[in-house]
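Chain by chain, the residues run as shown.
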Amino acid sequence: MAWLSTEFYFYKGSAPCRAVWMTLKIFKVDYEEKIVDLLKAENKRPWFIRLNPQHTVPTINDSSVVLWESRAIMMYLANKHATEETQYLYPKEPEERAKVDRMLFFDMGTLYHAIKEYFGPKIHQGLPPDPEKENLLKQSLDYLDHFLEIGGVPYLCGEKITLADIAVLASVTELDALEYSYKCYGDLNRWVERVKGNFPYYKECCDEGVAMTRARVKQLEADLKKQMEKERKASLTKK
Ligand SMILES: N[C@@H](CCC(=O)N[C@@H](CS)C(=O)NCC(=O)O)C(=O)O
C-alpha cells in the first residue's frame, strides 16, 4: 500500500490551527496542506462536512483516522511521532504528562473560551467586544500569569517547552491580532517573549495568520462604520 502523508485541513487565521501547525512542524510530520477558507465558508461544503460533521478547522486525515479538536490532534501527533529527542514535548511519565494535560484543558475550557466569548462580536461583526465578558478574560490571564509566577520555571510545565506552551502561545497571541494588550501581566509577557524566541516555528506558522485576523477585524469595523453612517444619513433625509 502506498504510504500517504497526513492531510492537514486548516485556515491560517485560526489560533487552534496554528497550534496544530506548529506541532506538525516540531514533530517533523510529513503532511499535506489543505487550506479551508473560512471566509468563503469552505468548511460548510458537503465534502468537508462528510469529513468533519462539526465543520471546524483544524482537522487532520491520517490514513483515514480523521480527527478534529486541536489539542486532541496535538496529543495524537505526539503519541504517534515523538522520538527520544522530542518526547519532552509530551512526557510519558504520568505525573509529567498530567501537568501538560491540565494546561491543555485550561487552555481549551478557560483561556481560549474566554477569548472567544469576549471577542466574539468583534471577530464576527466588527462590533466592540462584549464588556460583560471582559472579567472572564482578565481572570484567565490572571490565572495564567499566576501559574507562571508560582511555577518558577521558564515554561508552563517545567524547564522545557511542551505541547501546553504551544497551545497556550497560539491562544495568547490571538490577543495580538485583536490588539488587546497583556503587557501588564509581567510573568505572562516574559513567557510569551521566551517561547516566541525559543520555539523555532512560531514566526513561520503564526505571523501571517495573526496579521490576517488583524486585517479582517479592521475591515469589518470599517464596513460597519460605513454602514452606520449610511443609515444615519438615510434617517436624516427622511425627517
Ligand atoms: N475547540 C476547537 C475549536 C475549533 C474552532 O472553533 N475552529 C474555528 C476556527 S478558529 C472554526 O472552524 N469555525 C468554523 C465553524 O465552527 O463552522 C479546536 O480547538 O479545534
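Residues numbered from 1 in each chain as written. Predicted model: local features only at pLDDT ≥ 70, side-chain atom pairs only at ≥ 80, totals over all residues. Heavy atoms only, no water.

Word for word, the UniProt comment on the protein under Subunit (unreviewed entry) is "Homodimer." (UniProt positions renumbered as here; feature names shortened; annotations may be inferred.)

**Some details on empty space enclosed by the protein**
Inspection of every chain in the model, using the stated rule, returns 1 cavity of 30 Å³ or more. In this structure, the largest cavity spans a volume of roughly 40 Å³. Those elements that place two or more of their residues in the lining of the largest cavity are α1 (15-26), α3 (70-81), α4 (94-125) and α6 (163-172). Across the lining of the largest cavity, the residue classes break down as 6 nonpolar, 2 polar and 2 charged. Split by domain, the residues of the lining of the largest cavity number at least three in each of domain 1 (6-81) and domain 2 (87-198). (1 Å grid on protein atoms, 1.4 Å probe; cavity = no way out; pocket = protein on both sides within 12 Å on 5 of 7 lines; lining within 4 Å. Points joined across faces, edges and corners; volume = space filled by probe spheres on them. Helix = DSSP H or I, 4+ residues; strand = E, 2+ residues; numbered from the N terminus. Nonpolar A, V, L, I, M, F, W, Y, C, P; charged D, E, K, R; others polar. Domains from an automatic or database assignment.)

**Description of the site of the ligand**
Near the ligand, the surroundings consist of 14 residues, among which His55, Val57, Glu69, Ser70 and Lys116 are the closest. One of the side-chain N or O atoms of Asn43 is found 3.0 Å from an oxygen atom in the ligand. Here Ser70 contributes a side-chain N or O atom positioned 2.6 Å from an oxygen atom of the ligand. In the complex, the protein chains occlude 78% of the 500 Å² of accessible area that the ligand would expose alone. More than half of the atoms of the ligand fall within 2 Å of the grid points belonging to the largest pocket. Residue assignment for the shell around the ligand shows that the elements contributing at least two residues are α3 and α4. Residues belonging to the shell around the ligand are distributed by class as follows: 5 nonpolar, 5 polar and 4 charged. (Near = heavy atom within 4 Å. Polar contact = N/O pair within 3.5 Å; in protein donor to acceptor, adjacent residues only side chain to side chain. Areas by Shrake-Rupley, 256 points an atom, 1.4 Å probe, with all protein chains shown as cover. Sits in = over half its atoms within 2 Å of the grid points.)

**Description of α4**
Over its 32 residues, α4 extends 43 Å from the first C-alpha to the last, a length consistent with the 46 Å expected when each residue adds 1.5 Å. Trailing α4 by a residue or two, Gly126 shows a phi angle of about 75°, which is positive. (Expected span 1.5 Å × (residues − 1).)

**Here's the deal with unusual backbone geometry**
Along the chain, Val57 connects to Pro58 via a cis peptide bond; the corresponding omega equals 5°. Summarising the element assignment, Pro58 is placed in the loop between α2 (46-51) and β3 (59-62). Of note in this structure, His55 is not a glycine but carries a positive phi near 45°. Topologically, His55 is positioned in the loop between α2 and β3. His55 gets classed as partly exposed once you look at its relative accessible area, which sits at 28%. With a phi angle near 75°, Glu69 is a residue other than glycine that sits in the positive phi range. With respect to the helices and strands, Glu69 occurs in the loop between β4 (65-68) and α3. (Buried < 20%, exposed > 50% of the residue type's maximum accessible area, 1.4 Å probe, protein only.)

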